[in-house]
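Survey of secondary and tertiary structure
Okay, here's what each chain looks like letter by letter:
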Amino acid sequence: METHNFRNLKVWQLSVDFVTAIYQLTPLFPNDEKFGLSSQIKRSAVSIPSNIAEGSGRGSNKEFARFLSISLASSYELETQLIVANRLNFLTETIVQEITRKLHEIQKMIFSLHKKFES
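The sections below set out a description of the structure shown in this document. (Residues numbered from 1 in each chain as written. Predicted model: local features only at pLDDT ≥ 70, side-chain atom pairs only at ≥ 80, totals over all residues. Heavy atoms only, no water.)

A separate point is the overall build of the protein. Tallying secondary structure elements over the protein gives four helices and zero strands in all. Along the protein, helices and strands appear, N-terminal first, in the series α-α-α-α. For the protein, whose C-alpha radius of gyration is 15 Å, the value lies close to the compact-globule estimate of 14 Å for 119 residues. For the C-alpha atoms alone, the extent of the protein along its principal axes is close to 50 × 25 × 20 Å. Every one of the 119 residues in the protein was classed for burial, and the buried ones make up 46%. Considering only contacts in the protein between residues 6 or more positions apart, those separated by 24 or more positions represent 74%. For the protein, the exposed area adds up to about 6,800 Å²; of that, 53% sits on carbon and sulfur atoms. A distance of 4 Å separates the average location of the 14 positive side-chain charges in the protein from that of its 12 negative side-chain charges. (Helix = DSSP H or I, 4+ residues; strand = E, 2+ residues; numbered from the N terminus. Rg over C-alpha atoms; globule rule 2.2 N^0.38 Å. Buried < 20%, exposed > 50% of the residue type's maximum accessible area, 1.4 Å probe, protein only. Contact = heavy atoms within 4.5 Å. Areas by Shrake-Rupley, 256 points an atom, 1.4 Å probe, with all protein chains shown as cover. Lys, Arg positive; Asp, Glu negative; His and termini not counted. Charge placed at Lys NZ, Arg CZ, Asp CG, Glu CD.)

As a further point, take the nonpolar core. Counting 32 residues, the largest nonpolar core has Ile22, Ile41, Leu78, Leu82 and Ile110 as its most contacted members. When contributions to this core are tallied by element, the ones reaching two or more residues are α1 (10–25), α2 (37–56), α3 (61–87) and α4 (93–118). Apart from the residues within four sequence positions on either side, Leu78 is in contact with Phe18, Ile41, Ser44, Ala45, Ile48 and Leu103. (Core = buried A, V, L, I, M, F, W, Y, C linked by side-chain atoms within 4.5 Å.)

Turning our eyes to something else, we now look at the environment of Glu79. For Glu79, the position within the fold is in helix α3. Judged by relative accessible area, which is 17%, Glu79 ranks as buried. For Glu79 and Asn8, which are 71 residues apart along the polypeptide, the C-alpha to C-alpha distance reads 25 Å. Setting aside chain neighbours within four positions, we find Glu79 in contact with Thr100, Leu103, His104 and Gln107.

So, about unusual backbone geometry. One non-glycine residue, Asn89, lies in positive phi territory at about 65°. The topology assignment puts Asn89 in the loop between α3 and α4.

Among the structural elements, Ala45 can be located in helix α2. The spatial distance from the C-alpha of Ala45 to the C-alpha of Ser71 is 9.3 Å, given a sequence separation of 26 residues. If sequence neighbours within four positions are ignored, Ala45 has contacts with Val19, Ile22 and Leu78.

Of the side chains with opposite charge, Lys108 comes closest to the buried, unpaired Glu79, at an N-O distance of 11 Å. Polar side-chain contacts of Glu79 include one of 2.8 Å to the side chain of His104. (Salt bridge = Lys/Arg side-chain N within 4 Å of Asp/Glu carboxyl O. Polar contact = N/O pair within 3.5 Å; in protein donor to acceptor, adjacent residues only side chain to side chain.)

Turning next to the environment of Ala65. Examined against the element boundaries, Ala65 turns out to sit in helix α3. Judged by relative accessible area, which is 4%, Ala65 ranks as buried. With 49 residues separating them along the chain, Ala65 and Val16 place their C-alpha atoms 19 Å apart. Excluding residues that lie within four positions of it along the chain, Ala65 makes contacts with His114, Phe117 and Glu118.

Next up, the structure:
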């Protein structure tokens, strides 16, 4: 049984920084979106590092890989929500492109780590 220290993982560290950036963006949303898309975006963002951390404590590489997969799925969900926020003019194209660039970096890291522990 192998445990993984999530705090030492660069992808977890970047994901936590990313959550902070998302929380700084959501006040730009209209007030009536406080419990709508804004809330969903924050939940999806928090889910990324949270699942990395939870998987790291599961005790097996197979379980860790499963939670990395969940984390990756949350990142795709978040990417979709950012596109919707842009189409609704809650976020500018420039902001969405910049934040999505960072998200793609995290997605690539999660995917690579998942491949390492998948088998």
